[in-house]
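Examination of the molecular architecture
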Amino acid sequence: MAIKVEGLNYIYGQGTAFEQHALKDVSFEIPDNQFVGLIGHTGSGKSTLIQHLNGLIRPTSGTIWFNGTDIYSEGYSLKKLRSNVGLVFQYPEHQLFEVDVFSDVCYGPRNLGLGEEEVKERAREALGLVGLKEKYWEQSPFELSGGQKRRVAIAGVLAMRPEVLILDEPTAGLDPRGRDEILDQIKELHDKQGMTILLVSHSMEDIARYADRLMVMNHGEKAFDGPPREVFEHYMELEAMGLAAPQVTYISHALKDAGIPIEDSITTVEEARDAILGLLKRV
Amino acid sequence: MIRDITLGQFYPVNSVLHRMDPRTKLFGTMVFIISLFLADSLWAYALATLFLVFCIRMSKVPFSFMVRGLKAIVFLLLISVSFNLFLTDGEELFRLGFLKITREGLRMSCFMGLRLIYLVIGSSIMTLTTTPNQLTDGLEKSLGILKVIHVPVHEISMMMSIALRFIPILVEETDKIMKAQMARGADFESGNLIQKAKSMVPLLVPLFISAFRRATDLAMAMEARCYRGGEGRTKMKPLKYERQDRMAYLLLVLYLAGMIAIRTVL
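Think of each chain on its own: its residues are numbered from 1, step by step along the sequence as written. Whichever chain is written first becomes A and whichever ligand is written first becomes 1, with later ones labelled in order. Local features in this predicted model are restricted to residues of pLDDT 70 or higher, and side-chain atom pairs are both shown and tallied only at a pLDDT of 80 or more, whereas totals for entire chains, interfaces and linings draw on every residue. Neither water nor hydrogens contribute to the side-chain values; these are computed over all heavy atoms in the structure.

1. Here we look at the pairing of strand 8 (residues 196-200) of chain A
Residues and elements named next belong to chain A.
- Most of strand 8 sits out of view: five of its five residues are buried.
- The alternating pattern of strand 8 places Thr196, Leu198 and Val200 and Ile197 and Leu199 on opposite faces, both of which are buried.
- Note that strand 3 (residues 35-39) and strand 8 share four bridges and pair parallel. Bridging across to strand 8, Phe35 finds its partner in Ile197.
- Pairing geometry for strand 7 (residues 164-168) and strand 8, over five bridges, is parallel. Its bridge partner lying in strand 8, Asp168 is registered against Val200.
- Whether a crossover is right-handed comes down to one check: with the strands pointing away from the viewer, does the path from the first strand over the helix to the second run clockwise; if it does, it is right-handed. Secondary structure is summarised from DSSP: a helix means a run of H or I of at least four residues, a strand means a run of E of at least two, and numbering begins at the N terminus for each. In terms of handedness, the path from strand 7 via helix 6 (residues 176-193) over to strand 8 forms a crossover that is right-handed. Accessible area is worked out with a 1.4 Å probe on protein chains only. A residue is then buried under 20% of its type maximum, exposed over 50%, and partly exposed in between. Two strands pair if DSSP finds at least two bridges between them.

Dropping the structure here:
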C-alpha cells in the first residue's frame, strides 16, 4: 500500500473571516503501481489534497501513511518522504532557476546529499526518461520551448527516483502534440518503471484513456472513487459539479436513447469505434 | 508562514467603516496620529482610548487581527520604552546599580508605549477596512491639488496601486515556488547564514523571472486597453461623500477639539 489517507481535514485561516474548509473528511488508499486520475473543478480541494501527500501541508486533522508509516510520527524525515513521493506542480517550468538544464535537474538529487557521480547519473537517467535530447542539456532552460521546459521540470522531480509521482495538471497550456507526448511518457513511467501515478487533470478524455481509477473531488469532499467507466456513468451528477464525462460517453448514451443497442460505459474514442463497427457487422 | 502579514491587509466584512469614503479614513487616521502627539495627560489618553475602542467596534474586525500588526514593532517598542524609563531625569523611585527609575521616566515610558501601540492599531484600522485600490484612489483625489505644481499624482498613485495589488500575488507565488523547491528536497530553514543565503537562489531567481513576466504582461494588457495616463480618465466608481462621512468628519472635529481642550486646560 503506497499511500493511505484517513479522515483528512484541512481548514485554511482558522478563526478568521478567510476561514475555508478546504478538505472534509477525505479517506482513500492507493496501492502500489496504480494509475489514479483526480478531477474536480477549480477550488474543489485537489491541489490542497496532493500537497498533503508529501508533507508540504500539515492536515488540521487526520492521518497520512506512506508505506505503512505515519508521516508525522516522531523522527520521520519529510525530506526523505518528498524524494519518495515526487510532486510536480502546475506550470512546473516556473521553478527552473539554474544556468543550464542539466544542473537544474541535478538540484533535487543533490539536496538528498548523494555523491556527485550518483547525482549526475540520476540526472542523465531522468532526462532520458522524459525524452529530452542530449543537445539541449547544456542550454539555458529559458531558451527551450514550453513543452521542453516542462519536461526538464518533470525530470527535476524524477531525478530523485520517487516511487509515487503526483502531477498537477501536467499538460495545462501545452499544444495537443506536447500534451500527448507528456502523457505518453507518464504512462511509460507507470508501465515500465512501475511507478504509482496520481494525475490531476481537467481533461476527461485523458483520464479515461490513461487512468485505472478515478477520484472526483467536490467542495473538499471525495464525491466518487472507482474505475473511470463506472464514475463516468454518473455523468449527470458530474455535470452538476461543473464537470463532465468524455464526449464519446455522451454520444453513446444518445445512440442508446435513439434505440441503438450499443454497449454501456464507453469512455474512449477507440472503444466507441470498436462498438459501432461491431454493431455494423451484425446488421 | 509568510501569509501572516497584517499591515496593509484588507479584512472583508461589511461595516460602516468599510463603506466609508477612503478620504475620510485617511483624514481620520491623520487626525488621530496628530492627536496622539498632542496627548500628554491621563485624560487625553483616556479620550484617545475611547475613540480608538469606538473605531474598533465600528470596524467589526476582530481585535486579535489588529494586535498582529504589533508584532512587527515589539523591538522598537521595547527600546523606546526602556530608554524613556531609565534615562529620564527627575524624582527617583527606585535604583538598581547605575539604572534608576524616576516618576517622570515611568510616566514618559508609559505614554510613549501607548502612543506607539495606538499609532499602529490606528493605522491598521484604516488598512484593514480599506482595500488598497480605494486607498490609492483616496490619495490620488486628496493630493489632486499637487497637480498644479506638476507633480504626477495620477502616475504615482497608479504605481502605488499596482505595487499593492501585486503584493498578495507575489506572496502566493513565493509560497508556491518555495513548495515546489521543497518538493525537490530544498531546505530553507537549517544551515548557517551563508548556506541560508545560498538556499534562497532557487527561490529568488524564479520569483524575479515571474515578476518580470507579470510586469510585461500587465503593460501589454494596459496598452491594449489604450491606457494613456490620467488625463481625462474617468472612474467607474467616483468617490462621493455620504451621510456617514459627514458624521465621521463631525466626530473627528469634536474629537480633535476635545484633545486640544484637554491639552490647554490641563
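Having seen it, we continue.
2. Description of the sheet that holds strand 7 of chain A
Residue and element names in this part refer to chain A.
- Strand order in the open sheet formed by six strands is 6-7-8-3-9-10, and the pairing between neighbours is mixed. Of all strands in the sheet, those bounded by a partner on one side alone are strand 6 (85-88) and strand 10 (221-226). Each strand axis lies, on average, 15° off the axis of its neighbour in the sheet, ignoring direction.
- Bridging between strand 6 and strand 7 involves four bridges; their strand directions are parallel. Orientation is described by axes fitted as lines to C-alpha atoms, over the contacting stretch for helices, and by angles from 0 to 180 degrees between their N-to-C directions.

3. Concerning the interface of chain A and chain B
- Between chain A and chain B, the contact holds 23 residues from the first and 21 residues from the second.
- Summed over both partners, buried area is the accessible surface (1.4 Å probe) that two parts give up on being assembled. At the boundary of chain A with chain B, total buried surface from both sides reaches about 2,100 Å², with 62% on carbon and sulfur atoms.
- Here a salt bridge means any side-chain nitrogen of Lys or Arg lying within 4 Å of a carboxyl oxygen belonging to Asp or Glu. For the interface between chain A and chain B, the tally reads one salt bridge.
- Residues Arg184 of chain B and Asp104 of chain A are paired through a salt bridge, measuring 3.1 Å at the closest nitrogen-oxygen approach.
- Residues adjacent in sequence count toward polar contacts only when both atoms are side-chain atoms; beyond that, a polar contact is any pair of N or O atoms within 3.5 Å, and within protein one must be able to donate a hydrogen and the other to accept it. Applying the counting criterion to the chain A and chain B interface returns four residue pairs in polar contact (both at pLDDT 80 or more).
- Elements represented by at least two residues in the side of chain A that touches chain B include exactly helix 2 (78-84), helix 3 (101-111) and helix 5 (146-158) of chain A.
- With four residues, helix 3 of chain A is the single largest residue contributor to the side of chain A that touches chain B.
- For the side of chain A that touches chain B, a count of residues per class yields 12 nonpolar, eight polar and three charged. In this analysis, two residues are considered to be in contact whenever any of their non-hydrogen atoms come within 4.5 Å of each other. Residue classes follow a fixed rule: Ala, Val, Leu, Ile, Met, Phe, Trp, Tyr, Cys and Pro count as nonpolar, while Asp, Glu, Lys and Arg count as charged, and any other residue, Gly among them, counts as polar.

4. Details of the packing of helix 3 of chain A against helix 5 of chain A
All names here are of chain A.
- Direction vectors running N to C along helix 3 and helix 5 enclose 35°, while the axes themselves pass 7 Å from each other. The element helix 3 and its partner helix 5 pack so that their crossing is right-handed. Between helix 3, through Val101, Val105 and Gly108, and helix 5, the contact on the second element is made entirely by Val152, Ala155 and Gly156.
- Its residues placed into classes, the contact of helix 3 with helix 5 shows four nonpolar, two polar and no charged. Handedness of a crossing is defined here by the sense of rotation of the near helix relative to the far one, left-handed for an anticlockwise turn of less than a right angle and right-handed for a clockwise turn.

5. Some points on the nonpolar core
- By size, the foremost hydrophobic cluster in this structure holds 49 residues, and its most contacted members are Leu165 and Val216 of chain A.
- Counting residues per element, this core draws most heavily on helix 5 of chain A, at six residues.
- In contact with Val216 of chain A, other than residues within four places in its own chain, are Ile39, Glu221, Lys222, Ala223, Phe224, Val231, Leu238, Met241 and Leu243 of chain A.
- Here, the term nonpolar core denotes a set of buried Ala, Val, Leu, Ile, Met, Phe, Trp, Tyr and Cys residues that are joined through side-chain atoms within 4.5 Å. Judged by nonpolar contacts, the second largest core, of 41 residues, contains Val164 of chain A together with Met178, Ala183 and Ala186 of chain B.

6. Points about helix 11 (residues 243-265) of chain B
Residue and element names in this part refer to chain B.
- Taking 1.5 Å of rise per residue, 23 residues should cover 33 Å, and helix 11 covers 33 Å from first to last C-alpha, within 8% of that figure.
- Among the residues of helix 11, Asp245, Ala248, Leu252, Tyr255, Met259 and Ile262 are the ones counted as buried.
- Where the residues of helix 11 are buried, they touch helix 2 (22-38) and helix 3 (42-59). What a helix should span is 1.5 Å times the count of its residues minus one.

7. Comments concerning the sheet that holds strand 2 (residues 20-30) of chain A
Residues and elements named next belong to chain A.
- Taken in spatial order, the four strands make up an open sheet running 2-1-4-5, and their pairing is antiparallel. The open sheet is flanked by strand 2 and strand 5 (69-70), the only strands paired with a single partner.
- With two bridges joining them, strand 4 (residues 61-66) and strand 5 adopt antiparallel strand pairing. In the strand pairing of strand 5, Trp65 is matched with Asp70.

8. Observations concerning the confidence of the model for chain B
Residue and element names in this part refer to chain B.
- The predictor's confidence in any single residue is recorded as pLDDT, a number from 0 to 100. Considering every residue of chain B, the mean pLDDT works out to 86; 97% of them sit at 70 or more.
- Confidence scores differ between elements of chain B, with strand 1 (residues 92-96) showing the lowest mean pLDDT of 76 and helix 10 (residues 201-224) the highest of 93.
- With pLDDT under 50 throughout, residues 1-7 is counted as low confidence; its partners more than four residues away or in other chains account for 14 contacts.
- Scored as a complex, the prediction yields pTM 0.75 and ipTM 0.87.

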